[in-house]
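Spelled out from the first residue to the last, the chains are:
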Amino acid sequence: MLKLSHITKTYPGVVALSDVCMDFEQGEVHAILGENGAGKSTLIKIISGAIEPDPGAQIEFDGRVYSAMTPALARENGVAVIYQDVNLVTPMTVAENVYMGRRMGRGYSKRRLQRMAQALFDEYGLELDPAERVERLSPSRQQMVEIARAIAGEARVMIMDEPTAPLAASEVRVLFSIIEKLRGRGVTVIYISHRMEEVFEITERVSVLRDGCYVTTLKTKDTSRSELVRLMVGRELSESFPARSSAPGEVLLEARGLTGNSVENISFTLRRGEILGFAGLVGSGRTETMELLCGARRMTSGEVLLRGRPASIHSPAQAIDQGIALIPEDRKEQGVILHNTVQFNTSLSAIARVARAGFISGRRNAALAEHYRQELRIKVPSVRQMVVNLSGGNQQKVALAKALAADPDIIIFDEPTKGIDVGAKQEIYQLINALVGQGKAVLMVSSDMEEILGMSDRIIVLHEGRMAGELSRAQFSQESVLRLASGIQAEEA
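Residues numbered from 1 in each chain as written. Predicted model: local features only at pLDDT ≥ 70, side-chain atom pairs only at ≥ 80, totals over all residues. Heavy atoms only, no water.

Quick look at empty space enclosed by the protein
Under the criterion given, the structure shown has 2 cavities of 30 Å³ or more. Its volume calculated, the second largest cavity comes out at about 30 Å³. Taken together, Ile327, Gln396, Leu400, Phe413, Pro416 and Ile428 form the lining of the second largest cavity. Its residues assigned to classes, the lining of the second largest cavity shows 5 nonpolar, 1 polar and no charged. (1 Å grid on protein atoms, 1.4 Å probe; cavity = no way out; pocket = protein on both sides within 12 Å on 5 of 7 lines; lining within 4 Å. Points joined across faces, edges and corners; volume = space filled by probe spheres on them. Nonpolar A, V, L, I, M, F, W, Y, C, P; charged D, E, K, R; others polar.)

Regarding the packing of aromatic side chains
Enumeration over the complete set of coordinates arrives at 1 aromatic pair. Measuring from centroid to centroid gives 5.1 Å for Phe268 and Phe278, while their planes differ by 75 degrees, and the two rings are edge-to-face. Of the two residues, Phe268 is situated in strand β12 (residues 263-271) and Phe278 in strand β13 (residues 275-279); the sequence distance between them amounts to 10 residues. With respect to class, Phe268 is no different from Phe278; both count as buried. (Phe/Tyr/Trp six-rings, centres within 6.5 Å; stacked < 30°, edge-to-face > 60°. Helix = DSSP H or I, 4+ residues; strand = E, 2+ residues; numbered from the N terminus. Buried < 20%, exposed > 50% of the residue type's maximum accessible area, 1.4 Å probe, protein only.)

Re the packing of helix α4 (residues 110-124) against helix α5 (residues 139-152)
Between two packed helices, what matters for the description is the angle formed by their axes and the separation of those axes. Closest axis-to-axis distance for the α4/α5 pair is 11 Å, and the angle between their directions is 100 degrees. In this view, α4 runs roughly perpendicular relative to α5, as classed from their interaxial angle. Taken together, the residues of α5 that come into contact with α4 (itself represented by Leu120, Phe121 and Tyr124) are Ala148, Ile151 and Ala152. (Axes fitted to C-alpha atoms, helices over the stretch in contact; angles between N-to-C directions. Parallel < 35°, antiparallel > 145°, perpendicular 65-115°, else oblique. Contact = heavy atoms within 4.5 Å.)

Considering the sheet that holds strand β19 (residues 410-414)
One open sheet accounts for 6 strands, arranged β16-β19-β20-β13-β21-β22; its pairing is mixed. Each of the sheet's edge strands pairs with one partner strand only, and the pair in question is β16 (324-327) and β22 (466-472). On average, each strand axis in the sheet is inclined to that of its neighbour by 20 degrees, with strand direction left out of account. Of the pairings in the sheet, the one linking β13 to strand β20 (residues 441-445) comprises 4 bridges and is parallel in character. Pairing of Gly277 across the sheet is with Met444, part of β20. Where helix α15 (residues 392-404) meets the sheet, it contacts β16 and β19, and its direction lies at approximately 175 degrees from that of β16. Strands β13, β21 (458-463) and β22 of the sheet are contacted by helix α18 (residues 478-485), whose axis makes an angle of about 30 degrees with β21. (Pairing = 2+ DSSP bridges.)

Function cannot be inferred from these measures alone, as they are strictly geometric.
Shown next as C-alpha cells:
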C-alpha cells in the first residue's frame, strides 16, 4: 500500500531523518516506535504532505511514485492523520468539524450534516452528540471527534499519533474496535504510541527509529518489550520503576475541604520527601484539584496550609512565590511558550535567579538554561532553539525545566510522562525520586495505572469531583484503585 525509500530531512544543525526506508502492507496495523526526537513526527508529516523531504526521496502509494507529497496529494491517495494534539475549530459543532472540507453536493443543511454524523457514530460506536459545540467537550471527547473526522474521509492509510493519550479506558476500547473494523476493510493503520501494551495488543508489525535512522522492522508476535526498548534506546533499559526508600518528614502542605472548579470537599496532607499520587477516571477532578492548589482557579471554600500556616494563593505567580510549581498536562497551551526559545522558557519562573541590578543577565540566563538542558537531556542543538521546533517529549522537558528553575518545595506533576518515550520516562522517574530525596514533596496526577502504583507512596482516588478513598502502599492494587475510581466503596466489594 505504501513504500518509503531514501527519506531524508535536514534542518539547520539537525538531521531529523537519514535515508529511512520502510513499507506498509494493505490492511495491517503497523507501529512506529522510537524515543522523542527519533523522527516519528517528521516521517508522518512527510507522508501527509505537511513537510517536504530532501531531494532523492521516493514515496510510493499503491504503485504511484512521488518525490514529495502535498496535503492535496495525500488526501487524493487516501491518507488521513490523527495528530497527538487535536486540531479542531472549537466554536463549531461536532458534525461541522467531522465533515469540514468535504464536498457535500446539493441539499446541504445542518440537519442533514447531523444525520450523517449520527449514522457514522452509530456505525463505529462513538458516543458523540453531532449538534454539540466542540469547545464544550473534554479533551478526550475532542480526540474522539478527531477520530470520527478521519474515519469520515474514507481513508486508505490512517496514521494515528498517540491517539489514546487523552482517552479513558472505555474510550480506548472503542478506538481499538474502530481499528479492527478499519483493518477488516483493508485500511492500513500506522500506529504511533509509547504505550507498549497497546502495540502488542493491536499491531502485526513494528518498525523502530533511532536518532532519525531506520533500525529494523519485526513481527510483533516475534519480539518482546525488552527487545523493543533496547532497539529504541540503543542500550538495555528496564521498564520497571527505579527503587526508592520512602522516609516522609514534616507536613509541608495540608488541604482542608477544597471546593470549587468542579470538586468538593477535598482534604489531604503532603509530607516532605513523599510522592502523593492522585488517581481517578477522566473527569474525576484530579487536574481541577491541582488548579485550585496553584491558584489557577478560584476556591469557593476550604483552605490550604503551608508548613502549618494558612496560605493565600490566588494566582500561579503567588503559588511559585510560596514554593509550589505546577507542570501542567497541556504543555502546548499552558506549559511552554512555543514561539520562544528554550532559554526564555526556562527562566520564566525564575527571573530573580537570572537578574542583576534589575536587569536580566544574558550570561546567567544562558547558564541556567544550559544547566537544565544537560540535566534533563533536552535534545536541542542550542538553548536558543525555538520550542515549537522540538518534539513533544522535549517540549515537556522544557516545561519541567521552567518549573524546576523556580526551586519549589512542592512540585505538581500532571501526567508527567504523557506522550514521552520509555527512555525519557526512566529519566523523569529518576528525577522525581531525586527531588523527593532532596526533601521536596511531589503531587502526581497520572492516568497510567502502572505509573501511579509504581511511583506513589500513597494514592488519593477521586470520583466525580469527590474523594473516594485513600490507599497506603500496603493497599495498592489495580483493582482497589479502579473500584474506588468507579465509585464502588469497600463495603460493596
